[in-house]
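A look at the structure
Each chain, written out:
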Amino acid sequence: MSTDVTQKFFAAKILSNSEVASDIFSMTLHAPEIAGDVKPGQFAMVYLGRGEMLLPRPISFCDANPAEGTVNLVYQVVGKGTKAMAEMPAGENVKILAPIGNGFFLDRITATPAIVGGGIGTPPLLLAAKALAAKGIKPDVFLGFRSNSILVKEFETVARNVYIATEDGSHGHKGYVTELLKNGNNYQEIISCGPAALLQALKTYAASINIPCQVSLEERMGCGVGTCVGCVVKMYGTFVRICAHGPVFDANEVDLNG
């Protein structure tokens, strides 16, 4: 499997780059070269050009606006690279390679799905929810966070229902997002992105009620195009590259435990 969109390497102008929650930033780029090509679930490799930080950072697309020629990346500051990214000001150019990867399988969705996100896995699901709403299918959205929630208002504009869980009880249900996912047999499918433990729980749950589950895998990447073989997942007894074969997979096709 390979992406059917030609990847482009270019400089995109930063229109805004601001903190939307603790250590969570939203960067909007002027990128008319790809704004109309981005598919939900795909990502960009962002090249920082900051001294020793030569390797790019993989960031999923949260949104894309072909009419305005913009794309949006929502990311978490977790190390020196993303910290440097967060310090980039509006007006500066950033080099990116995009769009990369195979996105969510939305063409097969004909009835209401459950969209389930965990933490920083939430952003790429917004573009998926928008794409479904555009064809008249409003999903039920379940979002889980440790504390601060993000993008809730944005999801509410395109979802049938939005359910929130936080581990500290600061917003919505106190506990795990999987505790909110009930009557799953009312959904055609689960579409998800988040930490491995969440995706494994969703895979098990979906299998128990006999519905498909799509998982978007998060992984460190060196190149994003399959050359370095740094991001792999076990699939059908062998290993495949997440950047080239994913990041979206059918949950029953991959070993989420290792």
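Position labels on residues start from 1 in each chain and follow its written sequence. Reporting in this predicted model follows two pLDDT cut-offs: at least 70 for local features of residues, and 80 or more for side-chain atom pairs to be given and counted; totals over whole chains, interfaces and linings ignore these cut-offs and use all residues. As a rule here, side-chain values cover all heavy atoms of the structure and leave hydrogens and water aside.

Some points on the environment of Y176
- Following the sequence through the fold, Y176 ends up in the loop between β10 (173-174) and β11 (190-193).
- For every residue, the accessible area (1.4 Å probe, protein chains only) is compared with the maximum for its type, and the residue is labelled buried under 20%, exposed over 50%, or partly exposed between those bounds. Looking at Y176, the relative accessible area reads 51%, which means it is exposed.
- Spatially, the C-alpha atom of Y176 lies 6.4 Å from that of G144, the residues being 32 residues apart in sequence.
- Here, residues are in contact when the closest pair of their heavy atoms is within 4.5 Å. Excluding its chain neighbours within four sequence positions, the residues that come into contact with Y176 are A165 and E167. Under the DSSP-based scheme used, a helix requires at least four consecutive residues in state H or I and a strand at least two consecutive residues in state E, with every element numbered from the N terminus.

Looking at the environment of M45
- Inspection of the secondary structure assignment puts M45 in strand β3 (residues 43-47).
- The sequence separation of M45 and P56 amounts to 11 residues, and the corresponding C-alpha distance is 5.5 Å.

Some details on the sheet that holds strand β4 (residues 57-65)
- Strands are labelled as partners when DSSP assigns at least two bridges between them. On the basis of which strands lie adjacent, the closed barrel formed by six strands has the order β1-β2-β5-β4-β3-β6 and antiparallel pairing. Ignoring strand direction, the axes of neighbouring strands in this sheet form an average angle of 45°.
- Taken together, the four bridges between β4 and strand β5 (residues 70-76) define a ladder with antiparallel strand orientation. Along β5, the bridge assignment pairs F61 with L73.
- Across the sheet, helix α2 (residues 123-134) is in contact with β4 and β5; its angle to β4 comes to roughly 30°. To define axes, lines are fitted to C-alpha atoms, for helices over the stretch in contact only, and angles between the resulting N-to-C directions are given on a 0 to 180 degree scale.

By themselves these figures say nothing about function.
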